[in-house]
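Observations on the three-dimensional arrangement
If you want the building blocks of each chain, they are given just below.
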Amino acid sequence: MGAAVLGALLVAGCDDGDAGTDTAAGTTAATPQATGTDAGTGLPADAKRACTKLDATVKTTQQEAATAARVGGDAAVGGKYLVGSARVYEYVGTSSDALNEAAKQLGNAMSELAQAYTANDGQKPNTANLDAAVAKVQAVCAAG
């Protein structure tokens, strides 16, 4: 099971043919990190960009998981959350420690949910950890 999850993570990190474009958000891939802050905010510019991309990633993952639930079942939903988790980790490494930690928690929560769906026993997995992680990212982004 662990090798399958690792393999899925490696595949999720591969180029899926979108040429660096997040099609759901209509934005391009992350640009080189800036260390300055935007005027009037507490978050560095690179962290503000990551906030926008994290929000889009959460929305995209939830939409894809909902579609997978309708057509592919629990394993497909787990796969969507696993891919979402890999996408979230792309935005860890900003110059904001608070955002990095919140994004790591979000990625971990998505990964845990993916595992719960994959090991599903016919029950809908609890999304409380994911909900809390999303709220934390949103709070960090809103405070900045």
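Everything below is about the structure printed above this text.
This is a predicted model, so every value here is computed, not measured. (Residues numbered from 1 in each chain as written. Predicted model: local features only at pLDDT ≥ 70, side-chain atom pairs only at ≥ 80, totals over all residues. Heavy atoms only, no water.)

Now for the overall build of the chain. On a plain count of helices and strands, the chain comes out with 5 helices and 2 strands. The helix and strand sequence of the chain, counted from the amino end, reads α-β-β-α-α-α-α. Taking all 144 residues of the chain together, the buried fraction comes to 34%. Of the contacts made within the chain by residues no fewer than 6 positions apart, 59% connect residues no fewer than 24 positions apart. On the chain, roughly 7800 Å² of surface is accessible, and the fraction owed to carbon and sulfur atoms is 54%. (Helix = DSSP H or I, 4+ residues; strand = E, 2+ residues; numbered from the N terminus. Buried < 20%, exposed > 50% of the residue type's maximum accessible area, 1.4 Å probe, protein only. Contact = heavy atoms within 4.5 Å. Areas by Shrake-Rupley, 256 points an atom, 1.4 Å probe, with all protein chains shown as cover.)

Here we take up helix α3 (residues 73-89). When the terminal C-alpha atoms of α3 are compared, their 25 Å separation across 17 residues agrees well with the 24 Å that a helix rising 1.5 Å per residue should span. Restricting attention to buried positions, one finds in α3 the residues Val77, Gly78, Tyr81, Leu82, Gly84, Ser85, Ala86 and Val88. (Expected span 1.5 Å × (residues − 1).)

Let us look at the environment of glycine 73. Looking at where glycine 73 falls in the secondary structure, it is placed in helix α3. The class for glycine 73 is partly exposed, based on a relative accessible area of 26%. Between the alpha carbons of glycine 73 and tyrosine 117 there is a distance of 9.1 Å; along the sequence they are 44 residues apart.

Moving on, we get to the side chain of serine 85. Position of serine 85 relative to the elements: it lies in helix α3. Not counting residues up to four positions away in its chain, the partners in contact with serine 85 are Gly107, Met110 and Ser111.

This part covers the nonpolar core. Membership of the largest hydrophobic core comes to 27 residues, with the highest contact counts inside it found for Leu54, Tyr81, Leu99, Leu106, Met110 and Leu130. Counting only elements with at least two residues in this core, the list comes to α2 (45-71), α3, α4 (97-118) and α5 (128-143). At 9 residues, the largest contribution of residues to this core is made by α4. For tyrosine 81, the contacting residues outside a window of four places in its chain are Thr61, Gln62, Ala65, Met110, Leu113, Ala114, Tyr117 and Leu130. (Core = buried A, V, L, I, M, F, W, Y, C linked by side-chain atoms within 4.5 Å.)

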